[in-house]
Amino acid sequence: MGKIIAIVNQKGGVGKTTTAVNLTAALNDLGKKVLLCDFDPQANATSGMGVDKRKMKYSSYDVTINGIPAESAIVSTRFGDVLPSSPDLAGAGVELIGAADREHQLKAALEPVKDQYDVIFVDCPPSLELLTLNALCAADGILVPVQCEYYALEGLSDLMATLRTVKRRLNPALEIFCVVLTMYDGRTNFSAQVAQEVRRHFPGKVLTSVVPRNVRLAEAPSHGLPVMAYDKLSRGSVAYKEMAEEVVKKL
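Throughout what follows, the structure given in this document is the object of discussion. Being a predicted model, the structure only gives us computed values, none of them experimental. (Residues numbered from 1 in each chain as written. Predicted model: local features only at pLDDT ≥ 70, side-chain atom pairs only at ≥ 80, totals over all residues. Heavy atoms only, no water.)

1. Things to note about the pattern of salt bridges
Here is the rule we go by: Any carboxyl oxygen of Asp or Glu within 4 Å of a side-chain nitrogen of Lys or Arg constitutes a salt bridge here.
Across all of its chains, the model carries 14 salt bridges by this definition. The partner of Lys-107 in a salt bridge is Glu-111, and the shortest N-O contact between them spans 4.0 Å. A salt bridge links Arg-187 to Asp-185; the nearest nitrogen and oxygen atoms lie 2.9 Å apart. Connected via shared salt-bridge partners are Asp-52, Arg-54 and Lys-55.

Now the structure itself:
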């Protein structure tokens, strides 16, 4: 049975979508069957995988709100499968408020396709609201990207509190799958200090591979490509390849 991993951090700009796209592509390169479910209304993971969000018949909104089977919405790409997002998803939080079992709509949608994949990544919006709550209820584990910057640990206590509440009330199986260090600058002592602090907070959970600050990594989304397809020799590409190998061992 496949694992569902929610990629979550309510802080924006931490490399969440970059990690979702590039880890999907890197695992796909390793021969794993991967689905990236884009559950962020901005749909950046969708375009980052080379899928035109304007041309999709169905999206994660239709699957969650309108009962369309996930299989009908999934798009196959050479980098892995994608359940695309659309701007319609921005209103889904309000629409879900009155729904019965509102926290488990995504779980119900993904259940029929779960066994077809080794792993399903869910790219969550940068907030702890109902869409993210749906992802946490559907997930077996969470992947937390943490940027190696001054405010790195700010807000993580809120995320951990939410995680404990969801685990206690809605999804007892939910665990931290791993923590990923992003935007690491090896030229500064500060990045090393932040990395050390994060490892102290999450003993045994932080991956050895770190994602460096890398121009090619920043450029790749504008071409609708994961970094390994844009520049496979770049430091960002090498980092995600190494990370994928670690994730395979953890799976």
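2. Quick look at the packing of aromatic side chains
The condition that has to hold: Think of it this way: a Phe, Tyr or Trp ring, Trp meaning its six-membered ring, pairs with another when their centres are within 6.5 Å, and the plane angle makes it stacked under 30 degrees, edge-to-face over 60, tilted otherwise. Whether a residue is buried, partly exposed or exposed follows from its accessible area with a 1.4 Å probe, protein chains only, as a fraction of its type maximum: under 20%, in between, or over 50%, in that order. Helix and strand definitions here come from DSSP, where helices need a minimum of 4 consecutive H or I residues and strands a minimum of 2 consecutive E residues; each element is numbered from the N-terminal end. The criterion is that NZ of a Lys, or CZ of an Arg, lies within 6 Å of the ring centre and within 35 degrees of the ring normal, and then a charge sits over that ring.
Applying the stated criterion across every chain, the model contains two aromatic pairs. Seen from their ring centres, Tyr-150 and Tyr-151 are 4.9 Å apart, and the 75° between their planes marks the pair as edge-to-face. Residue Tyr-151 is classed as partly exposed on the basis of its relative accessible area of 48%. Seen from their ring centres, Tyr-150 and Phe-190 are 6.4 Å apart, and the 25° between their planes marks the pair as stacked. Residue Tyr-150 is found in the loop between strand S6 (141–147) and helix H8 (156–169), and its partner Phe-190 is found in helix H9 (residues 189–201); the two are separated by 40 residues along the sequence. Ring-pair connections join several aromatic residues into one group, and the members of that group are Tyr-150, Tyr-151 and Phe-190. In this structure, Lys-250 packs its charged tip against the face of Phe-177, placed 5.5 Å from the ring centre.

3. Quick look at the sheet that holds S6
Going by this rule: In short, DSSP must find at least two bridges between two strands for them to pair. With axes taken as lines fitted to C-alpha atoms, and helix axes fitted only over the stretch in contact, angles between N-to-C directions fall between 0 and 180 degrees. Every residue pair with non-hydrogen atoms within 4.5 Å of one another is taken to be in contact.
The sheet built from eight strands is open, its strands ordered S3-S4-S2-S5-S1-S6-S7-S8 with mixed pairing. Each having just a single partner strand, strand S3 (75–77) and strand S8 (206–212) make up the two edges of the open sheet. Direction aside, neighbouring strands of the sheet carry axes that sit 25° apart on average. The sheet strands contacting helix H12 (residues 235–250) are strand S7 (175–184) and S8, and the helix crosses S8 at an angle near 165°.

4. Examining the side chain of Asp-81
Position of Asp-81 among the secondary structure elements: in strand S4 (residues 80–83). Its relative accessible area of 8% is what places Asp-81 among the buried residues. Sequence-distant contacts of Asp-81, that is, excluding residues within four places in its chain, are made with Lys-33, Val-34, Leu-35, Leu-36, Ile-74, Val-75, Ser-76 and Tyr-117.

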